[in-house]
Amino acid sequence: MTTQQLVSEIQKKKSFLCIGLDVDLNKIPAHLLQEEDPIFAFNKAIIDATHHLCVAYKPNTAFYEAYGIKGWKSLERTINYLNEKHPEIFTIADAKRGDIGNTSTMYAKAFFEDLAFDSVTVAPYMGKDSVEPFLAFEDKHTIMLALTSNQGAFDFQTKTIDGKELYKQVIETSKSWKNSQNLMYVVGATKAEYLADIRKIIPESFLLVPGVGAQGGSLEEVCKYGMTDTIGLLINSSRGIIYASNESDFAEAAAAKAKELQQQMESILK
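The name given to the protein in an unreviewed UniProt entry is Orotidine 5'-phosphate decarboxylase, with Tenacibaculum singaporense as the source organism. Entered under Pathway (unreviewed entry) in the UniProt record, the comment concerning the protein runs "Pyrimidine metabolism; UMP biosynthesis via de novo pathway; UMP from orotate: step 2/2." Under the heading Sequence similarities (unreviewed entry), UniProt records this for the protein: "Belongs to the OMP decarboxylase family. Type 2 subfamily."

The following block contains the structure:
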């Protein structure tokens, strides 16, 4: 999917919502545990109920890898279902991979070729040669961790080195990498006040913004400082939507929560 196709979908749906599919078998409705593939059954119901309200889905691969081969098969079934039924939706493998040379190339092949995701999240700590193998897939997007929403972000990301915060140096440096036009960036919603400075460095790039909802981030603040002429934002909500209920009405409850966010986004887009 091209960036322009993503923008068009945002304009069509009046939404820049991304729904995180972080499936914990301890939290899903008990009746689904009787299914042959409870994870996929849960995801399918959530997708069927919410696909008209969002423009992206983001499975966090840890929630699938934790269940071994069965979990990986559930992830494969989920992405296949999305690509077959809703090819207009942007898919994100939240894998936070990153290693040098051929290892990153193999990670990229796994998510871009085998599973056919539109994008994957990567960790840039090892630098250029750990990210460029992902960027070599020119029809795909690489979403790089820039400034995250967790408390530990202050351990390194905001430290000042030679007069500039590390996260700013990372973003600035990434612009020089080959095919950097395919980069998107993760910026946590709980760091909304930093967005103005980030936009000075990457004024047009798309930002994936987790942390709205359960983590306390403000949609209005994120949009105030981070929105561009082409929107430039994907706002992710996971737990706040998919676990709105753990009863038989879980899909309807998820749709209601997604609708709340979509309506807020629609009002901002006017």
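Moving on from the model shown.
The next thing to look at is the nonpolar core. Membership of the largest hydrophobic core comes to 87 residues, with the highest contact counts inside it found for L6, F16, I19, F42, F90 and I235. The contact partners of F42, leaving out residues within four places of it in the chain, are V23, I28, P29, L32, I242, Y243 and F250.

Those residues of helix α10 (residues 219–226) not exposed but buried are L219, V222, C223 and G226. For α10, the angular spread of buried residues about the axis comes to 95°, placing them on one side.

The subject of this paragraph is the UniProt feature "active site" (unreviewed entry) in the protein. Under the local residue numbering, the UniProt record ascribes the feature "active site" (unreviewed entry) to K96. Mapped onto the elements, K96 comes out in strand β3 (residues 90–97). Other than its neighbours up to four places away in sequence, K96 contacts N60, T121, V122, A123 and L145. Within polar-contact distance, the side chain of K96 engages the side chain of D94 at 2.8 Å.

The next point concerns the sheet that holds strand β5 (residues 141–147). On the basis of which strands lie adjacent, the closed barrel formed by eight strands has the order β1-β2-β3-β4-β5-β8-β9-β10 and parallel pairing. Each strand of the sheet is rotated relative to its neighbour by a mean of 30°, with strand direction disregarded. In this sheet, strand β10 (residues 233–237) lies alongside strand β1 (residues 17–20) in parallel orientation, the contact comprising three bridges. Along β10, the bridge assignment pairs I19 with S237. Most of the contacts of α10 go to β10, to which it runs at about 160°, and overall it touches β9 (207–209) and β10.

Cut-offs used in this document
Residues numbered from 1 in each chain as written. Predicted model: local features only at pLDDT ≥ 70, side-chain atom pairs only at ≥ 80, totals over all residues. Heavy atoms only, no water. UniProt positions renumbered as here; feature names shortened; annotations may be inferred. Core = buried A, V, L, I, M, F, W, Y, C linked by side-chain atoms within 4.5 Å. Buried < 20%, exposed > 50% of the residue type's maximum accessible area, 1.4 Å probe, protein only. Contact = heavy atoms within 4.5 Å. Helix = DSSP H or I, 4+ residues; strand = E, 2+ residues; numbered from the N terminus. Arc of directions from axis to C-beta. Polar contact = N/O pair within 3.5 Å; in protein donor to acceptor, adjacent residues only side chain to side chain. Pairing = 2+ DSSP bridges. Axes fitted to C-alpha atoms, helices over the stretch in contact; angles between N-to-C directions.

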